[in-house]
Amino acid sequence: MRPRHLALAVGLAAVWGFNFLVMQVGLRHFPPLLYAGIRFTMAAFPALLFVGRPGVPWRWVAGVAAAVGVGQFGLLLVGMRAGVPAGLASLVLQTQVLFTVLFAVTLLKERLTARRVLGLAVALGGLALVTLDFGVSGPLGAFVLCLGAAAAWGLGNVIQRRAAPPDSLRFMVWVSAFSAPPLLLLSLWLEGVPALSPSVEGWLSLVYVAFISTLGGFGVWGLLLRRYDASTVAPYTLLIPVFGMSSAALMTGEPISWLKLVAAALIVSGVLYAGTKPRRAPAPLSTAGR
């Protein structure tokens, strides 16, 4: 990977990691489902007027919107509002890789190799430690909601893989457009009509998550995927919880226990091991003609 593209990959992980802290700030001013609905509305309009059609059948756009827009972000934000701090949320959400593999095996009939089984077992051990650590100090129901968000993201990954959109930014704009209406309707039904008085801080949070994290982030992601294999780009997403946990610790004082550090190491290393291919041994030199 060229140095400027490497910088983009690391910068993208930083943007997406810091996004959890920004969302936590936004949840001080908006109910979670309304916050998600406004986020996707801002990401869709006016970009929708300029990007053209998504390039895939509409059912795939609707499927990813249901899984990622409504499922992932709806559950994640409700879970964060219920008590899961930003740094921990950034770590738990990376278990989406586990769910992606499970859904790919069951729905796409992909082969589950011994390397994947071992890597996923290590990552599950880390998840068990996170559950133990948070179960002692926080509301377990909120943690389960974040875990459900990771499962929804995994399902969305499989649907998007099946759809294979030619342009990830254009696809994400349409996913945002399909996600906003159900989120806003769910907000009206479950959260009621809110009496909002958001400050500049709340609106800046929405600007960040809609334009920088969603549109800018997926624009960079698409750029990298057009130039490199997914196996080259994807491991950099493992830096997301590093930036998420460190930014939350520095800016909000969120504690990082030794148990959480061990869990993070297990999850990241397990996911990385499961998602990479072993290097092939070099072929022996032929003695023919000597």
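Quick look at the structure, then. (Residues numbered from 1 in each chain as written. Predicted model: local features only at pLDDT ≥ 70, side-chain atom pairs only at ≥ 80, totals over all residues. Heavy atoms only, no water.)

### Let's talk about the overall build of the protein chain
In step 1: Looking only at helices and strands, one finds 13 helices and zero strands in the protein chain.
In step 2: If you list the helices and strands of the protein chain from N to C, you get α-α-α-α-α-α-α-α-α-α-α-α-α.
In step 3: Taking 290 residues into account, the globule formula puts the C-alpha radius of gyration at 19 Å, and the protein chain, at 20 Å, falls close to it.
In step 4: The proportion of buried residues among the 290 residues of the protein chain is 45%.
In step 5: In the protein chain, the share of contacts with a sequence separation of at least 24, taken over all contacts with a separation of at least 6, comes to 89%.
In step 6: Accessible surface computed for the protein chain: about 14200 Å², of which carbon and sulfur atoms make up 69%.
In step 7: Distance between charge centroids for the protein chain: 14 Å, based on 21 positive and 7 negative side chains. (Helix = DSSP H or I, 4+ residues; strand = E, 2+ residues; numbered from the N terminus. Rg over C-alpha atoms; globule rule 2.2 N^0.38 Å. Buried < 20%, exposed > 50% of the residue type's maximum accessible area, 1.4 Å probe, protein only. Contact = heavy atoms within 4.5 Å. Areas by Shrake-Rupley, 256 points an atom, 1.4 Å probe, with all protein chains shown as cover. Lys, Arg positive; Asp, Glu negative; His and termini not counted. Charge placed at Lys NZ, Arg CZ, Asp CG, Glu CD.)

### Looking at empty space enclosed by the protein
In step 1: Overall, the coordinates contain one cavity of 30 Å³ or more when judged by the stated rule.
In step 2: Computed from the structure, the largest cavity encloses a volume of approximately 40 Å³.
In step 3: Along its surface, the largest cavity is lined by Ala9, Leu12, Ala13, Trp16, Trp221, Leu224, Val233, Tyr236 and Thr237.
In step 4: If one sorts the elements of the lining of the largest cavity by residue count, helix α1 (residues 3-26) sits on top with four residues.
In step 5: A breakdown of the residues in the lining of the largest cavity according to their chemical character gives eight nonpolar, one polar and no charged. (1 Å grid on protein atoms, 1.4 Å probe; cavity = no way out; pocket = protein on both sides within 12 Å on 5 of 7 lines; lining within 4 Å. Points joined across faces, edges and corners; volume = space filled by probe spheres on them. Nonpolar A, V, L, I, M, F, W, Y, C, P; charged D, E, K, R; others polar.)

### Some words on the packing of α1 against helix α4 (residues 58-81)
In step 1: At their nearest, the axes of α1 and α4 sit 10 Å apart, and the two run at 65° to each other. When the axis of α1 is compared with that of α4, the two are roughly perpendicular. The element α1 and its partner α4 pack so that their crossing is right-handed. Between α1 and α4, the contacting residues are Phe20, Met23 and Gln24 on the first element and Phe73, Leu76, Leu77 and Met80 on the second. (Axes fitted to C-alpha atoms, helices over the stretch in contact; angles between N-to-C directions. Parallel < 35°, antiparallel > 145°, perpendicular 65-115°, else oblique. Left-handed = near helix turned anticlockwise from the far one by under 90°.)

### A short note on the environment of Val70
In step 1: Examined against the element boundaries, Val70 turns out to sit in helix α4.
In step 2: In this structure, the C-alpha to C-alpha distance between Val70 and Pro182, residues 112 residues apart in sequence, is 7.3 Å.
In step 3: When sequence neighbours within four positions are dropped, the list of residues in contact with Val70 reads Ala65, Leu75, Ser179, Pro182, Leu183 and Leu186.

### Remarks on the nonpolar core
In step 1: Membership of the largest hydrophobic core comes to 80 residues, with the highest contact counts inside it found for Phe20, Met23, Tyr35, Leu76 and Val130.
In step 2: Sort the elements by how many residues they give to this core and α4 lands first, with ten residues. (Core = buried A, V, L, I, M, F, W, Y, C linked by side-chain atoms within 4.5 Å.)

### Quick notes on helix α8 (residues 140-163)
In step 1: The terminal C-alpha atoms of α8, which comprises 24 residues, lie 35 Å apart, in line with the 34 Å expected from a rise of 1.5 Å per residue.
In step 2: Within α8 the residues assigned to the buried category are Ala142, Phe143, Cys146, Ala149, Ala150, Ala151, Ala152, Gly154, Gly156, Val158, Ile159 and Ala163.
In step 3: Once α8 ends, the next one or two residues include Ala164, with phi positive near 50°. (Expected span 1.5 Å × (residues − 1).)

### Looking at the pattern of salt bridges
In step 1: Applying the stated criterion across every chain, the model contains two salt bridges.
In step 2: Residue Glu201 is joined to Arg28 by a salt bridge in which the shortest nitrogen-to-oxygen separation is 3.8 Å. Of the two residues, Glu201 sits in helix α10 (residues 200-227) while Arg28 sits in the loop between α1 and α2 (32-44), which places them 173 residues apart along the sequence.
In step 3: For Arg28, a relative accessible area of 55% corresponds to the exposed category.
In step 4: The partner of Arg170 in a salt bridge is Asp167, with the nearest N and O atoms 4.0 Å apart. (Salt bridge = Lys/Arg side-chain N within 4 Å of Asp/Glu carboxyl O.)

### Some details on the packing of aromatic side chains
In step 1: The full count for this structure, using the stated rule, is eight aromatic pairs.
In step 2: Residues Trp16 and Phe218 carry aromatic rings whose centres are separated by 5.3 Å and whose planes lie at 50° to one another, so their mutual orientation is tilted. On the criterion of sequence distance, the pair formed by Trp16 in helix α1 and Phe218 in helix α10 is long-range, its members being 202 residues apart.
In step 3: With relative accessibility at 14%, the residue Trp16 sits in the buried group. (Phe/Tyr/Trp six-rings, centres within 6.5 Å; stacked < 30°, edge-to-face > 60°.)

### Digging into unusual backbone geometry
In step 1: Cis geometry is found at the peptide bond from Phe45 to Pro46, where omega equals 10°.
In step 2: Along the chain, Pro46 falls in the loop between α2 and α3 (48-51).
In step 3: Even without being glycine, Ala164 reaches a positive phi, approximately 50°.
In step 4: Mapped onto the secondary structure, Ala164 falls in the loop between α8 and α9 (168-190).
In step 5: Here Ala164 falls in the exposed class, since its relative accessible area comes to 53%.

### Brief notes about the environment of Leu190
In step 1: Residue placement: Leu190 occurs in helix α9.
In step 2: Residue class for Leu190 comes out exposed when judged on its relative accessible area of 55%.

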